[in-house]
Amino acid sequence: MDPSRVEEASDKMSDDAEMASVMGFSGFGKKARTFDLDAIFETTRRTAVERSQRVLEEREKEDMEEEGESSKSVKPPVKAAAAASSKQETDSSSDSGSDSDSDSDVIGPPVPDELVGPPLPPGYTGSTAHSDDDDDDDDEEADDEDNPVKKIPDTHEITLQHGTRTVSALGLDPSGARLVTGGYDYDVRFWDFAGMDQSLQAFRSLQPCECHQINHVQYSVTGDVILVISGNAQAKVLDRDGFNVMECVKGDQYIVDMANTKGHTAMLNCGCWHPKMKEEFMTCSNDGTVRTWDVNSEKKHKAVFKPRSFQGKKVTPTCCTYSRDGKLIAAGCQDGSIQIWDRNLSVHTKFHCKQAHTPGSDPSCLAFSYDGVTLASRGGDDTLKTWDIRNFRKPVNVATGLPNNFTMTDCCFSPDDKLILTGTSVKKDQGSGKLVFFDRASFQKVYEIEVTNASAVRCLWHPKLNQIMVGTANGLAKVYYDPFKSHRGAKLCVVKSQRKEKHTEVLTQDYIITPHALPMFREARQRSTRKQLEKDRLDPKKSNKPEPPVSGPGRGGRVAAHGGTLSSFIVKNIALDKTDDSDPRAAILRHAKEASENPYWVAPAYTETQPEPLFAEESEEDEEAEKEPQWKKRKI
């Protein structure tokens, strides 16, 4: 033996002894036991095959005894299965023997081509029935996917009380977190789905345009600002919390050419944001222009589009919208025409349909499909039409019998572009307003929803939430959703229980608070009862304390009895009684003798020119007549 190996072995044993003394157990350095996995799996597989063969033989004997001839028809496939299994066993054993050393083979028994185990009893159809059910389910799911009506989320609804008048504007931010409603009552209300509970109360309400009704509200493409179109000539942009960001400038109404003014000069009808640029928006007005604006420059518009009739006369645009890519601008006009411009060319129209709707009926809405090919128009002539942009001469489809009593009745496309929905109007207490759904291809009415006993004015189908918002003429904003097909939105607030109000008993005193009063006239608020009692004790009126006699010159507005000041003397003389009961005629004539004897004011000026008075002498008859009593004279 090599002495070097002997030394290594001795050193190793000494090391093992030291390790054993330290760790408390020995056996270090021994080779671990190895397992041949292929052999183990092969043994397991053979055992399973043998057990299956035994079970098959036992069942074969039982079938032969009970069924007789029927067992003979089952017997050949059993033998074939046993032969196939034995053949497979020999093949696998030979393969395992040849490839046991290769590491690339799959560990374990090979996957059988047929079902492992005993054959199925005759007449058993469980698997086929199960597969048929699966096929039916797959067919139903395929039908649901092909049928767009199944995707309408209308199983549940919530009602938001905006007010009592028409909800004429609806806006939902791109993420679907907040809803904005505007109405004829001049109010704009903000609803936060994540912050609301089952009470469904708006978290903010304001009147951004004072006494003008709201015609349109819309969130920008980023959702950070809101465009508000009202009945005045100036559009406003608010932030998400309702604070003013900008206000468009008003134009000069005395200028004939509206292209030379900086802004609109008449009431606004509609407006919308650019779908790609977050700073640009568009408005249309009764002054006969469509203008584009930039949020960062409120002093002047960006461009002006002037709709014209075929005779070249000015017409009023009642609705406007951008195409999905933002390259086209479309406007529906009062003469029933639809005019489309290239966004960068504002002089001539790119498409012009002369009589898209009945002349004199105001088109209330224009909406482009998500693929940008189809344009839907809602007219005041109770129709809904679709147009192909590539061939704009005549409508592709027309639906009639849809009453429209409002100038802002909406129409929109479903998120999958297969349906078009719009609302219908009714007179007061004469039916229910409905949401009507049309198939885009066939333009058949496929579904309708009865909203309420008033007109359905605004409608909106959000693509992310898969929820439908409706604004009605009786001040309601309804949200339709499906718990399984919809996402977030109304589902967030319906699961929150209503918060309980905390009632606190407070003893207060009614105060009359005068606005703009000086601090010296304000009443001090009651803080402590004990301090208030001490103050009342010092107050002579509240404590019923008799007034003490005044000493000194006087105090508190009262004059002393022996005051030596001028004010006290005047007060004493004012109180004296100076009535004069003498005859006024005698009082005047007492100065007559002195005036005649010593004239001073008037008589000296006429001493030289004053004539001497000459009096006629009275006769005796006159004297007797004067002496007669007055009653005799009256009798005569």
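Structure: above.
Residues numbered from 1 in each chain as written. Predicted model: local features only at pLDDT ≥ 70, side-chain atom pairs only at ≥ 80, totals over all residues. Heavy atoms only, no water.

**Q** I'm lost on the sheet that holds strand 12 (residues 290-294) in this one. Help?
**A** Strand pairing in a sheet is mediated by backbone hydrogen bonds. Such pairs are either parallel or antiparallel. With antiparallel pairing, 4 strands are arranged side by side in an open sheet as 10-11-12-13. The sheet is open, and its two borders are formed by strand 10 (268-273) and strand 13 (303-305), each paired with just one other strand. Direction aside, the axes of adjacent strands within the sheet are offset by 20 degrees on average. Relative to strand 12, strand 11 (residues 280-285) runs antiparallel, the two sharing 5 bridges. (Pairing = 2+ DSSP bridges. Helix = DSSP H or I, 4+ residues; strand = E, 2+ residues; numbered from the N terminus. Axes fitted to C-alpha atoms, helices over the stretch in contact; angles between N-to-C directions.)

**Q** Help me understand unusual backbone geometry, please; the structure alone is not making it clear to me.
**A** A negative phi holds for most residues other than glycine; trans holds for most peptide bonds. In this structure, L200 takes a positive phi of about 55 degrees despite not being glycine. As for its placement among the helices and strands, L200 is situated in the loop between strand 4 (188-192) and strand 5 (204-206). Positive phi is not limited to glycine here, since E210 has a value of about 55 degrees. Among the secondary structure elements, E210 is positioned in the loop between strand 5 and strand 6 (214-219). Residue class for E210 comes out exposed when judged on its relative accessible area of 60%. (Buried < 20%, exposed > 50% of the residue type's maximum accessible area, 1.4 Å probe, protein only.)

**Q** Even after reading the chapter, I still don't get the pairing of strand 9 (residues 244-247), so can you show me in this structure?
**A** Note on strand geometry: in a regular strand, side chains alternate between the two faces of the sheet. Here 3 bridges tie strand 8 (residues 236-239) to strand 9, and the two strands are oriented antiparallel to one another. Pairing of V237 across the sheet is with M246, part of strand 9. Hairpin connection, strand 8 to strand 9: the antiparallel pair is bridged by 4 residues, and G242 has positive phi, about 95 degrees.

**Q** What exactly am I supposed to notice about the packing of aromatic side chains here?
**A** For any pair of aromatic rings, geometry is given as the distance between the ring centres together with the angle between the planes. Scanning the model with the defined rule gives 8 aromatic pairs in all. Pairing F190 with F203 gives two aromatic rings, centres 6.1 Å apart and planes at 55 degrees, and the pair type is tilted. Of this pair, F190 sits in strand 4 while F203 sits in the loop between strand 4 and strand 5, placing them 13 residues apart in sequence. With a centroid separation of 5.4 Å and 20 degrees between ring planes, the pair formed by F438 and F443 is classed as stacked. Relative accessible area serves as the criterion here: at 5%, F438 is assigned to the buried category. A connected cluster of aromatic rings, assembled from ring pairs, spans F351, W387 and F392. Looking at R324, its charged tip hangs above the ring of Y370, at a distance of 4.1 Å from the centre. (Phe/Tyr/Trp six-rings, centres within 6.5 Å; stacked < 30°, edge-to-face > 60°. Lys NZ or Arg CZ within 6 Å of the ring centre and 35° of its normal.)

**Q** Just to check I follow, could you spell out a negative patch on the surface for this structure?
**A** There is a patch of like negative charges on the surface, built from E57, E58, E62, E65 and E66. The residue E62 is located in helix 2 (residues 37-67) in this model. (Patch = residues over 30% accessible without salt bridge, like charges linked within 9 Å, V, L, I, M, F, W, Y side chains within 5 Å. Areas by Shrake-Rupley, 256 points an atom, 1.4 Å probe, with all protein chains shown as cover. Salt bridge = Lys/Arg side-chain N within 4 Å of Asp/Glu carboxyl O. Lys, Arg positive; Asp, Glu negative; His and termini not counted. Charge placed at Lys NZ, Arg CZ, Asp CG, Glu CD.)

**Q** Would you mind going over the pairing of strand 2 (residues 167-172) with me for this structure?
**A** Judged by how many residues are buried, strand 2 sits mostly within the fold: 6 of 6 residues are covered. Here strand 2 pairs with strand 3 (residues 178-183) via 5 bridges, running antiparallel. Across the sheet, A169 pairs through a bridge with G182, a residue of strand 3. Linking strand 2 to strand 3, which pair antiparallel, is a turn of 5 residues; within it G176 sits at a positive phi near 85 degrees.

**Q** Help me understand the environment of K394, please; the structure alone is not making it clear to me.
**A** Considering the arrangement of structural elements, one finds K394 in the loop between strand 20 (384-388) and strand 21 (397-399). Given a relative accessible area of 58%, K394 falls into the exposed group. The spacing of K394 and Q355 is 39 residues in sequence and 9.2 Å in space, taken between C-alpha atoms.

**Q** Before we go on, may I ask you to explain the nonpolar core in this structure?
**A** Where a protein is soluble and globular, its nonpolar side chains tend to be buried together. In terms of nonpolar packing, the biggest core is built from 17 residues, with I158, L160, L179, F193, M196 and M469 touching the most fellow members. Taken together, the elements giving at least two residues each to this core come down to strand 1 (156-161), strand 2, strand 28 (476-481) and helix 5 (490-493). Ignoring anything within four residues of it in the chain, the contact list for M469 reads L170, L172, L179, F193, R458, C459, L460, K478 and V479. (Core = buried A, V, L, I, M, F, W, Y, C linked by side-chain atoms within 4.5 Å. Contact = heavy atoms within 4.5 Å.)

**Q** Could you clarify how one ought to interpret the sheet that holds strand 19 (residues 374-378) in this entry?
**A** Taken together, 4 strands build an open sheet; the order of strands is 18-19-20-21 and the sheet is antiparallel. Either end of the sheet is taken by a strand with one partner, and the two such strands are strand 18 (365-368) and strand 21. Taken over all neighbouring pairs, the strand axes of this sheet differ in orientation by 15 degrees on average, direction set aside. Note: strand 18 against strand 19, 4 bridges, orientation antiparallel. Residue pairing in the sheet places L366 in a bridge with S377 of strand 19.

**Q** Honestly, the environment of G360 in this entry has me stumped. Any pointers?
**A** Following the sequence through the fold, G360 ends up in the loop between strand 17 (351-353) and strand 18. The class for G360 is exposed, based on a relative accessible area of 59%. Sequence separation between G360 and G380 is 20 residues; the distance between their C-alpha atoms is 8.6 Å. Excluding residues that lie within four positions of it along the chain, G360 makes contacts with Q334 and D335.

**Q** Quick question: what am I supposed to make of the side chain of T386 here?
**A** Assignment of secondary structure puts T386 in strand 20. In this view, T386 contacts T374, L375, A376, P395, V396, N397, I420 and F443; residues no more than four positions away in its chain are not counted.

Treat this as a map of the structure, not an account of what it does.
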